[in-house]
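Geometric and topological summary
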Amino acid sequence: MKKCFYLLLLTWILAACSSQTKETENNVLKATLKETEVSLKDLFSRIEVIPLETNDTALMDHVHRIRKVNNKYYILNEDYPGFTYINILVYDAEGNFLHTIGKKGQGPEEYPYLIYDMDIDAEKDLVYMMSPLGMLYLYRTDGSFVRKMNMPEGLAYHNLQLLDDNRLLSWSGSTDIESDAMCILDADSAKLIKGLWRDHNTSNWAISGGFSYVYQDKVYFTPSIDRQVYEVTSDSLRIAYEWDFGEDNYDASSVRSRLEGLTPVDKEEEWKEMRKTGGVPYTLLKQGQTNKYYFTNVLGILGERDDKGYAKNYFSLFYEKATGRSFYFKKTTEGLAIRPDMTTEEALYQLIPTEDLELLLPVLDETEKAKVMKRVEDDNPCLVKFIP
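Here is a short report on the structure shown in this document. Predicted, not measured: the structure shown is a model, and the values here were computed from it.

Under the definition given, this model contains 23 salt bridges. Two residues, E346 and K68, come together in a salt bridge whose shortest N-O distance is 3.8 Å. Linking E346 in the loop between β23 (342-343) and β24 (348-352) with K68 in strand β3 (residues 62-69), this pair joins segments that are 278 residues apart in sequence. Taking the relative accessible area as the measure of exposure, K68 reaches 27% and is therefore partly exposed. One salt bridge in this structure joins D176 and K267, with 3.0 Å as the shortest N-O distance.

Put into structure tokens, the structure is as follows:
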């Protein structure tokens, strides 16, 4: 009887260890950086087009951020490089324009300078708009002004991300190794709670605009030269998963060693040299995940740009959770580059200009095709929803 008991106990322990090993292995995403021929049909079960209304108040030029809250789309937009207006355009689920939030100006409820990022607290009905000079402007989702508050001094701010427990995450891409690039702030006062990440400004700059994402109410931090992706916990960072590119892996610590002790000018030159010659063969940009995929954009060796200003060595990488298959490509067989502006659990969203919408026609159903055919040259881009 005792022997049977110990055998059962041993079996249970081995099973538990096996389960733990499998869980650890599943946190490593083994993918290849060899180009794959892939169609939109291979990646997505359905594609929906949201035609964003165009009028004199809602003219889209340079978009910094898109957020989806309560089935509405909030788009931080500016006219570049004039900067005569910077505001949030609000659209309903069908793309009908509703109103704007925020206004550039010298008034007490206006901001005199640029706005680099924004996020929305749906429960509090608060919109946070962040100036790079360290000022947060708070509005209601109907556009009414609430108040403004100062962020900690001494940093140039580039991005923000709301956390739970009345906190927010700030990102300062221009900071160097002596200062915190990523900080947790109190959402009510903007006072510093804790610094979370320090690195050389060259690699910090490489991820400005896409330093974090949200999936299933968890916030993830995505460094540029590290293959690890971190979950932001209450007061620290925890490795959530790691990319493994096999023979294409490189050692981020050796990159940092080459930058150590250099002057700012020499550091910038060394970084450029590594990016051009393969010392840093790629950086990871705009990561995210849906229920089906892990995703990242990959910027390869720096070199020529295409007629739209994009680097020619700009790739998309999809990793399918259920099978472990990966897809690595510059463009799909239809000719479309996938560069999501927003990811949610169920879909990826991307602004696509009118002239590129024809690339979607072969894979759209008749209802979605009809939306595309109604667009004219000067219309705003369409927000396209790619559903895996």
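Here we take up the pairing of strand β17 (residues 228-232). Of all five residues making up β17, five are buried, and the element is well covered by its neighbours. In this sheet, β17 lies alongside strand β16 (residues 218-221) in antiparallel orientation, the contact comprising two bridges. Its bridge partner being in β17, Y220 is matched across the sheet by E231. Linking two consecutive strands that pair antiparallel, namely β16 and β17, is a turn of six residues. Connecting the antiparallel pair β17 and strand β18 (residues 237-244) is a turn made up of four residues.

A few words now on the environment of F221. With respect to the element layout, F221 can be found in strand β16. Separated by 66 residues in sequence, F221 and Q287 have C-alpha atoms that sit 9.0 Å apart. When near neighbours in sequence (up to four residues on either side) are disregarded, F221 contacts W171, M182, W197, I207, F211, V229, Y230, V232 and L237.

Looking now at the sheet that holds strand β12 (residues 167-171). Spatially, β11-β12-β13-β14 is the arrangement adopted by the four strands of the open sheet, whose pairing is antiparallel. Edge positions in the sheet fall to β11 (159-162) and β14 (192-197), since each has one partner strand and no second. Pairs of neighbouring strands in the sheet enclose a mean axial angle of 25°, with direction left out of account.

Turning our eyes to something else, we now look at the sheet that holds β3. Strand-to-strand pairing in sheets goes through backbone hydrogen bonds, with the strands running parallel or antiparallel. In space, the four strands of this open sheet follow the order β3-β4-β5-β6, with antiparallel pairing throughout. The open sheet has two edge strands, β3 and β6 (97-101), and neither has a second partner. Adjacent strand axes in the sheet meet at a mean angle of 25° when their direction is disregarded. Two strands pair when backbone bridges link them, and strand β4 (residues 72-78) and strand β5 (residues 86-91) are joined in this way by six bridges, in the antiparallel orientation. Residue pairing across strands places L76 opposite I88, the latter belonging to β5.

Parameters and conventions
- Residues numbered from 1 in each chain as written.
- Predicted model: local features only at pLDDT ≥ 70, side-chain atom pairs only at ≥ 80, totals over all residues.
- Heavy atoms only, no water.
- Salt bridge = Lys/Arg side-chain N within 4 Å of Asp/Glu carboxyl O.
- Helix = DSSP H or I, 4+ residues; strand = E, 2+ residues; numbered from the N terminus.
- Buried < 20%, exposed > 50% of the residue type's maximum accessible area, 1.4 Å probe, protein only.
- Pairing = 2+ DSSP bridges.
- Contact = heavy atoms within 4.5 Å.
- Axes fitted to C-alpha atoms, helices over the stretch in contact; angles between N-to-C directions.

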